[in-house]
Every structure is written in C-alpha cells, then in structure tokens.
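Listed below, chain by chain, are the residues.
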Amino acid sequence: MRSLIPFLYLLLIAGASDHTMPFMEYLDQNHLVCLKWGFDNLEGNITFKLIVNTTGWVGFGFSPNGGMAGSDIVMGGLGTGGTYFADYHATGNSMPLMDQQQSYTLLSLNESDGQTIITFQRTIQSCDDQDVHITAQPIKLIYAYGPTDDIAYHQARRGTKEVNLLNYMTRTTLTSVSYLSATVDSITVPSSQTYYHCKVMKFPTLNTKHHIYLVEPVIEHHDMVHHMLLYRCPSFVTEPYDKPCYRGDIGDACFRVVAAWGVGGGVFELPENAGIPVGGEDSDTLYRLEIHYNNPNRETGRTDSSGLRLYYTAQLRQHDVGILPTGLLHFDKMQYNIPPKAPRFHTYGVCNTTIISQFVNPLPDLQVFAVLLHTHLAGRKVRVGHYRSGKQIDFLGLDENYDFEIQQIINLGNIKTIQQGDEIAVECTYNTTNRVGVTKMGLATTDEMCLAFLLYYPAIEISLCISHPNTTHPLMSRSYRTSVVTIPSDLEIAEYEGLLKAVPQIQMAVNDQSQLSSYKNGFVREMMKTPTVTCQNNKASSRLGTSWIVNPARFTLLLLWIAKM
Ligand SMILES: *[C@@H]1O[C@H](CO)[C@@H](O)[C@H](O)[C@H]1NC(C)=O
Ligand SMILES: *[C@@H]1O[C@H](CO)[C@@H](O)[C@H](O)[C@H]1NC(C)=O
C-alpha cells in the first residue's frame, strides 16, 4: 500500500495529457510526422497534436482522395514574426486559399529539439462548405511541410494516410505468432434455438506474466455464433470440462470477463500501453469460454469449433487491462418483463462504485478506454451515464442506433476516469411493437439483456457491478409481472416503466472469488439528453442541447450485507 501512492501520483502526471488524446499514428514511413488525437462526443469536438521534425511550416488536412484538390487544410509554424496558423482549402494542386470562416482553434504551437508541435481543435461536424466533416469512416489525412517558414511548394515532403479518426484501433503487424487458443472442438450444436456452451480450460503454462495484446475471433459458423466471452475462474475451480452452461456446474462461478466478442465484431487490439495479464502467478488459473449459439431454425447435426485466439507478448505493457460488466443482469426469479407493443421501453441498471470499495479499498482511478454495449434483438439504443457527486458528468458509451448485428468494442475518443464513489447507469431502449407476448430478461436472443462491458486499466479484482429493480417492492404490486394477458395500453406501459425506474435497485458487485457485495437501495438517476451537436462555428463553448433533470427521489445508500454467494 505504501508504495502505491507515489506510483498513482506518477500515473496521474504521466497520463494527464494522454487522456484527452489517446490515439497516435505516424503519417509517414520515416516517422517524421506524428499525429495524436482524441475527441469528445459530448462537446462535439476533436483535438489534434501534430509533431513534425521541421522548424519550418507544417500543413495537415483531410482530403477526398489523398490529393490536394477539395481538401480541408490547416497550416502553421513558428517564424521570425511569431506564430502563424490558419484554416485553408485547396481547389487544385496550387497554393491553398484561406477559408473565409476559420474553423480551427489553435491551442498551442511551439518548437523544440528541431520539432514543431501544434495542438489545435475543431468541431467534428462543421457548417463551413470549405471544411470536411469528420465521420466514423476512414478518412484520408494529408500532410506537407517545408524546411523554412516561407510556405512554398513542398516537393517530396508530403504524404497521405487513411485513418478512421472516430473509430480507431491500433494495427500492429503481428511480430510473433504466439497465441493462446480458446476454442471449442467440434461440439455438436443442439437443435434448440438458444444454446450456451461452456468450456472450462487451462492454458499452456506461461511461467512469467505476459500480456495479451490482440483478440481475434475464430468463427466457424457466422450464422450461429452470437457472442463469446472468456472468463477467468476463481481458484476453487480446478477441473476442466466441456458442457452446457448454467446448469449449476462449478464453472458457472467463473465470471471475471477477460475477453469479449459480439456478432459483427472483428479483431480487437488493445492500446499500446495496456494488455490483458496472463501467466505467471496465474498459470494455474482456469478459464471458461462461453459461446452463445443462436439457432432460430433449430437445425440439427451442426458441429462447431469456434472460439478466440489471444495473441500475447512477454514485453509487458504499462497497465493491466480489466473488463467490468455493468448494467442490468437477468435473474430467473426477477420477474422483470418488457411489455409488448412498446416502441421505446427503457430499462436501467446501475453501479455505484462505493459497492466495489467493499472489496477494493481504496479504489484506484479506473481509466476507461473502450466499451462493448450488449442487448439482444429488441435493443435500439444503449447509453451509459457517468455520475459524480450526484451529477451526470459524461457518457461512458453511447449508441443511438444500436444494431444487434454489429456489436463491436468501441474505443472511446478520450480516456474517461471513474473515481471512487462515481456511479454508472446503463440505459437500454427496446422496441417491442412487433411482439405479442412479454420479453423476458434472460439468456436467449429473443430475451433481453442490457449490459455495457467497460474496458479499463489498472485491472481490479472485480467481476461484475450490476443491478436490477426490486420487483417485489410494494409499489410494484399493481403491475403485471410474469405475463400479460391483454395487450397493455400506452398508459399502462408508461406507468410500469416509471415504476421499474422508481423502485429501489438491488445492486451487486462480485469479486474474483465469487464473493458478493450487495446494496438494496440504489436508484436510477436521470440521464441527460444525448447532445445533438449540429453544425456550428468553432467556439470553445460548444456544450449543446444538454439538459439536466435531477431525480427528486433520493434514497440513501445502505450497506445491507456482504455474504458469500
Ligand atoms: C525527430 O526529432 C526528434 C527530436 O529531436 C528525434 O528524437 C527523432 O529521432 C527525430 N526523428 C527522426 C526520424 O529523425
Ligand atoms: C419499432 O418497430 C416497428 C416495427 O419494426 C417500426 O415500424 C417502428 O418505427 C419502430 N419504432 C421506433 C420508435 O423505433
């Protein structure tokens, strides 16, 4: 403990600037032009830091095809007359023209060690025809620079690179082919619509600690494999096995998520400073691979060998990565159903980090860098609110157009810090207008879930931080529970939705050894409207369309019990 404090202090200093600009790419082969960036969906802006090995002028921009024509450019430098920086556009292979509307804000510009370092910001969207919109698609970045501050023809000091700025993932060329294979081996997929297969396994022994830096899905049947999770087991799970999940076997207690993949996702590479720890002291640890097979046509005789490949390295990275599942988790006795004919039904799950402090105290700052949002077929939106001292300060994840077929781990535009005492709320919006019966919270694809898996560092020994509404609360008695006989009216749906949100939340955190910490009196705070950042001039005050409504009902958090599960 004593040695932890200076360590955390160092982390704070080292991490301070990187948090707002977590991404980095060299735009050229020779590593003379380096771009760092980060963005904030809430503020609607993107910040760049361009570092170029020259003391002359520097240009950077966005191009439709990699050439100059039609591109949106900034140029700047530090000359004898001081700092210069402006927004330009190019109409051809000629000197760019200065924009009438200057859409970029210079934050800093300096020279040191023969490098020019320019930090500037713009809005992600722009209403200037002379600027390019930045989207979550790959975009061609261009750069050029000169040896002096006279902006002149760049000759060969130019180039282009395609980068997805808003959905970025590191791409290392695999230098070693060392991977751990977490796959099933020709298992028979039963003819039921939903099947969860569990393989509890031990990896080949790695005597020292290693870091997993890339997770690759190996999918044999894309039409059936719906999601895969790899969990670490507590030390009391010692025997491997291969059988259906959630039938009361000991491996059901393996709940610490190590790697995750959802339908539509691809390879996930971790940021350069972080890895998932494996081996060393952990070498006796068992892992559970869970594969959810979705077999709507109830086909028979299909065998499958899907799973995950975990590429690892002995070169340890700065941080150990953890994954924290938050949100609403189903329990069989929960009696929580989503009514049919509801176009926008909201459910909530909350996590008050105070409950985690029962196991990990003090709770280090958790740096969240990516998120995987998960619902089933009726899910239309998922939002993850981040609260401090009772106020929402940010979103940890946001998908206003949730698509069940595309569940990817999304890197956040800036690293978000969860502090001890912060609260997290996951809101899911479902559309059940085309359903006639209730939708249960459960495991099947036709049931629902509402989860956000937060990828963060440094890893703590916590497997879950989830909640569900206390459906046995007296307030709930007027509502239907397990089924509806008649189609509910809009008013009934709204009332039921309101009650589920108002009754106390039973919150739970589970640690690595399956110990449970629980509070019965959590509550759901209001979540701000998703900011709609429309085209605007780049002025620092760009917090738009956010409204704060504070829930008047304040329940006192009460620690009720800590017990073994
Ligand atoms: C660029 O400049 C930095 C700082 O002077 C230096 O450390 C680095 O080696 C240079 N890069 C190249 C590729 O010359
Ligand atoms: C809900 O789903 C129905 C049927 O698929 C669709 O027509 C309707 O527009 C959806 N409503 C919302 C609010 O998403």
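See above for the structure.
Residues numbered from 1 in each chain as written. Chains lettered and ligands numbered in written order. Predicted model: local features only at pLDDT ≥ 70, side-chain atom pairs only at ≥ 80, totals over all residues. Heavy atoms only, no water.

(A) Broad picture of the overall build of the protein chain. Helix and strand counts for the protein chain come out as two helices and 38 strands. By the burial criterion, 56% of the 565 residues in the protein chain qualify as buried. Of the roughly 24,900 Å² of accessible surface on the protein chain, a fraction of 52% belongs to carbon and sulfur atoms. (Helix = DSSP H or I, 4+ residues; strand = E, 2+ residues; numbered from the N terminus. Buried < 20%, exposed > 50% of the residue type's maximum accessible area, 1.4 Å probe, protein only. Areas by Shrake-Rupley, 256 points an atom, 1.4 Å probe, with all protein chains shown as cover.)

(B) Structural context of the site of ligand 2. Close to ligand 2 lie Pro-343, Arg-344, Asn-431 and Thr-433. One of the side-chain nitrogen or oxygen atoms of Asn-431 is found 2.4 Å away from an oxygen atom of ligand 2. Here an oxygen atom of ligand 2 sits 3.0 Å away from a polar atom, N or O, in the side chain of Thr-433. Look at ligand 2: alone it shows 360 Å² of surface, and the protein chains cover 42% of it. Broken down by class, the residue content of the shell around ligand 2 amounts to one nonpolar, two polar and one charged. (Near = heavy atom within 4 Å. Polar contact = N/O pair within 3.5 Å; in protein donor to acceptor, adjacent residues only side chain to side chain. Nonpolar A, V, L, I, M, F, W, Y, C, P; charged D, E, K, R; others polar.)

(C) Representation of the site of ligand 1 in the model. In the region of ligand 1, the neighbouring residues are Asn-30, His-31, Leu-32, Asn-53, Asp-113 and Gln-115. Between an oxygen atom of ligand 1 and a main-chain N or O atom of Asp-113, the distance comes to 2.6 Å. In the model, an oxygen atom of ligand 1 is placed 3.4 Å from a nitrogen or oxygen of the Gln-115 side chain. Partitioned by chemical class, the residues of the shell around ligand 1 number one nonpolar, four polar and one charged.

(D) Just the sheet that holds strand β9 (residues 115-123), in detail. In space, the five strands of this open sheet follow the order β1-β2-β3-β9-β8, with antiparallel pairing throughout. The outermost strands of the open sheet, each flanked by one partner alone, are β1 (23-26) and β8 (105-112). Here the average twist between neighbouring strands, direction ignored, is 15°. One ladder, built from eight bridges, connects strand β2 (residues 33-40) with strand β3 (residues 45-52); its direction is antiparallel. Pairing of Asp-40 across the sheet is with Asn-45, part of β3. (Pairing = 2+ DSSP bridges. Axes fitted to C-alpha atoms, helices over the stretch in contact; angles between N-to-C directions.)

(E) Focus on the sheet that holds strand β21 (residues 286-294). One open sheet accounts for five strands, arranged β17-β14-β21-β16-β18; its pairing is antiparallel. Here the strands that pair on one side only, and so sit at the sheet edges, are β17 (241-244) and β18 (256-262). For this sheet, the mean angle separating the axes of adjacent strands, direction not counted, is 15°. Where strand β14 (residues 194-202) lies against β21, nine bridges are found, and the strand directions are antiparallel. Paired with Met-201 across the two strands is Tyr-287, which belongs to β21.

(F) A look at the pairing of β9. Of all nine residues making up β9, eight are buried, and the element is well covered by its neighbours. As defined by bridge partners, β3 adjoins β9 across eight bridges and the pair is classed as antiparallel. Across the sheet, residue Ile-51 finds its bridge partner in β9, namely Ile-117. With seven bridges connecting them, β8 and β9 associate as antiparallel partners. Across the sheet, Ser-108 pairs through a bridge with Thr-119, a residue of β9.

(G) Structural detail: helix α2 (residues 490-502). When the terminal C-alpha atoms of α2 are compared, their 18 Å separation across 13 residues agrees well with the 18 Å that a helix rising 1.5 Å per residue should span. When α2 is considered as a whole, its buried residues turn out to be Ile-493, Tyr-496, Glu-497, Leu-499, Leu-500 and Lys-501. Residues of α2 that are buried in the fold lie against β26 (337-338), β27 (345-352), β35 (462-469) and β36 (505-511). (Expected span 1.5 Å × (residues − 1). Contact = heavy atoms within 4.5 Å.)

(H) A look at the nonpolar core. Residues Phe-203, Leu-230, Phe-268, Tyr-293, Leu-308, Leu-310 and Phe-369 are the most contacted members of the largest nonpolar core, which totals 65 residues. Residues from two domains meet in this core; each of domain 2 (169-320) and domain 3 (322-530) gives at least three. With sequence-adjacent residues up to four places away left out, Tyr-293 is seen in contact with Val-184, Ile-187, Val-189, Gln-193, Thr-194, Tyr-195, His-197, Met-224, Val-225 and Asp-304. (Core = buried A, V, L, I, M, F, W, Y, C linked by side-chain atoms within 4.5 Å. Domains from an automatic or database assignment.)

(I) Quick peek at the state of the cysteines. This model, assessed by the stated rule, comprises four disulfides. Two residues share a disulfide in this structure: Cys-198 and Cys-245, whose sulfurs sit 2.1 Å from each other. The disulfide joining Cys-198 to Cys-245 has a torsion of about 105° about its S-S bond and is therefore right-handed. Taken together, the positions of Cys-198 in strand β14 and Cys-245 in the loop between β17 and β18 put the pair 47 residues apart, joining distant regions of the chain. Residue class for Cys-198 comes out buried when judged on its relative accessible area of 1%. What pairs with Cys-351 in a disulfide is Cys-465, and their sulfur atoms sit 2.1 Å apart. (Disulfide = S-S within 2.5 Å.)

(J) Highlighting unusual backbone geometry. Across the junction of Asn-361 and Pro-362, the peptide omega takes the value 0°, indicating a cis bond. Mapped onto the fold, Pro-362 is located in the loop between β27 and β28 (366-374). With an omega dihedral of -5°, the bond running from Tyr-457 to Pro-458 counts as a cis peptide bond. Here Pro-458 lies in the loop between β34 (450-457) and β35.

On their own, these measurements won't tell you what the molecule is for.
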